[in-house]
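Structural characterization, general
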Amino acid sequence: MYSYGHFKDQAIEYVKQAVQEDNAGNYAKAFPLYMNALEYFKTYLKYEPNLKMREAVQDKFTVYLRRAEEIRAVLDEGQPSHTYFRPVAKPSGCETGLNSAIKRENPNVKWSDVAGLERAKQAFQEAVILPLKFPQFFTGKQQQQRTFLLYGPSGTGKSYLAKAVATEVNFTFFSVSSSNLVSKWKSESAKLVSSLFQTARENAPAFIFIDEIDTLYGEGNENEASTKTKTELIVQMQDIGYTDQKILVIATTNAPFALDQPIRRRFDKRIYIPLPDLKARQHMFKVHLGDTPYNLTESDFEYLASRTEGFSGSDISICVEDVLLEPIRKTQDAMFFYENPEGMWTLCEPEQQGAVQTTMQELASKGLSSKILPTPVTRTDFEKILARKKPTVSKADLKVYERFTKEYGEEG
């Protein structure tokens, strides 16, 4: 069994990787690494008994959290991941800041885009989509369920599933990041919760998405501000149950045991979003490869899925991102190239007919950089990368989720 010190060590390791990618300008890679580090820091803080140590780690947590939020803001705006940017400036004026913390968007995530999670999808079909499309079957005591808690390891698609539900019902989508509240608007969190629900009512039918609710509502570090926030959230959630306004609420958490009974009871359904199964992992590899040329058969994708048991969706995404660099790595190291009839150059073996001893740099110096073809991604490329990749979710973490499911939730 892991000691709580293991969580800090794991967090530090993720931070090192995140900072390295951050400094290199690879923000799309840095963001999930920062988020993984924060998850382990949160777990560590929950168990560390030494107050001074907790305060020191909390200071670091806030710094990395703020940096992750800055990166996410830029990525959400669709700017290239290599673009240099300055830290997001704090808004002038409390009200402006509170309003900016609530994001309004129209997600376009199709139901079929969500890999696996068939039981979770079925639960939402029965609880949300069917009652809206066929209300005649849901009358009398058969009331529509409106509040849902999605819990499970980081990187399993909880937020993605929530956006798919919002797309399916075509509701206005309002979202708020609890970590943003804790880091920037802690003293005003209760006001923001009230503003979030009021805005949703004014724009009904609406969909409220609260990410990382454990950060907003977690146990420990009790103070007047957090108590007000908890009370406000409970009141607003209870009101959703008593009105007939078309408002749905989905919250996510990686730490379900951090939520106490009063808030747990406000969720009509608590659905476990587990690690992707074999079929889902196979689909994820295809999705993340996209239009990239590859020489992979169905049996190769089956092999990759079986090889990555225990990987989360974000683990697979990072793995594919690394594999996509293999063609340029191999081309950089190549010493022999072949010119095809179309005038395009590709690396080859020395014994191939027409092989020319040269390098990518030499071809580029002759003005042929645009004529160099990347090699297709192969199973060997994946095997090379997977040899040094490990799952980010431990078996001990999974046992925690399984225990919560047994006591309070249901399988997704």
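It should be noted that the structure appears before, not after, this text.
Here we summarise the structure given alongside this text. (Residues numbered from 1 in each chain as written. Predicted model: local features only at pLDDT ≥ 70, side-chain atom pairs only at ≥ 80, totals over all residues. Heavy atoms only, no water.)

1. Describing the side chain of T358
Put simply, the test is: Comment: elements are numbered from the N terminus, with helices defined as DSSP H or I runs of at least four residues and strands as E runs of at least two. Buried, partly exposed and exposed residues are distinguished by accessible area as a fraction of the type maximum, computed with a 1.4 Å probe on protein chains only: under 20%, between the cut-offs, and over 50%, respectively. By the criterion applied in these results, polar contacts are pairs of N or O atoms within 3.5 Å in which, for protein atoms, one can donate a hydrogen and the other can accept it, and in which residues neighboring in sequence qualify only through two side-chain atoms.
Of note, T358 is situated in the loop between strand 10 (356–357) and helix 16 (360–365). Overall, the relative accessible area of 5% leaves T358 in the buried class. For T358, the side chain forms a polar contact with the side chain of E362, separated by 2.8 Å.

2. A short note on helix 5 (residues 118–133)
The test is simple: Bend is the name given here to the angle between axes fitted to two runs of seven residues, the run ending at a residue and the run starting at it.
Considering bend angle alone, the principal kink of helix 5 is centred on Q125 and spans about 45 degrees. Among the residues of helix 5, those classed as buried are A120, K121, A123, F124, A127, V128, I129 and P131.

3. Describing unusual backbone geometry
The peptide bond linking A204 to P205 adopts the cis configuration, its omega dihedral lying at 0 degrees. Mapped onto the secondary structure, P205 falls in the loop between helix 8 (189–202) and strand 4 (206–211). The phi dihedral of N170 is positive, around 60 degrees, even though this residue is not glycine. With respect to the helices, strands and loops of the structure, N170 is situated in the loop between helix 6 (158–169) and strand 3 (172–177). With phi around 55 degrees, E212 is a residue other than glycine that occupies positive phi space. Using a relative accessible area of 7% as the deciding quantity, one classes E212 as buried.

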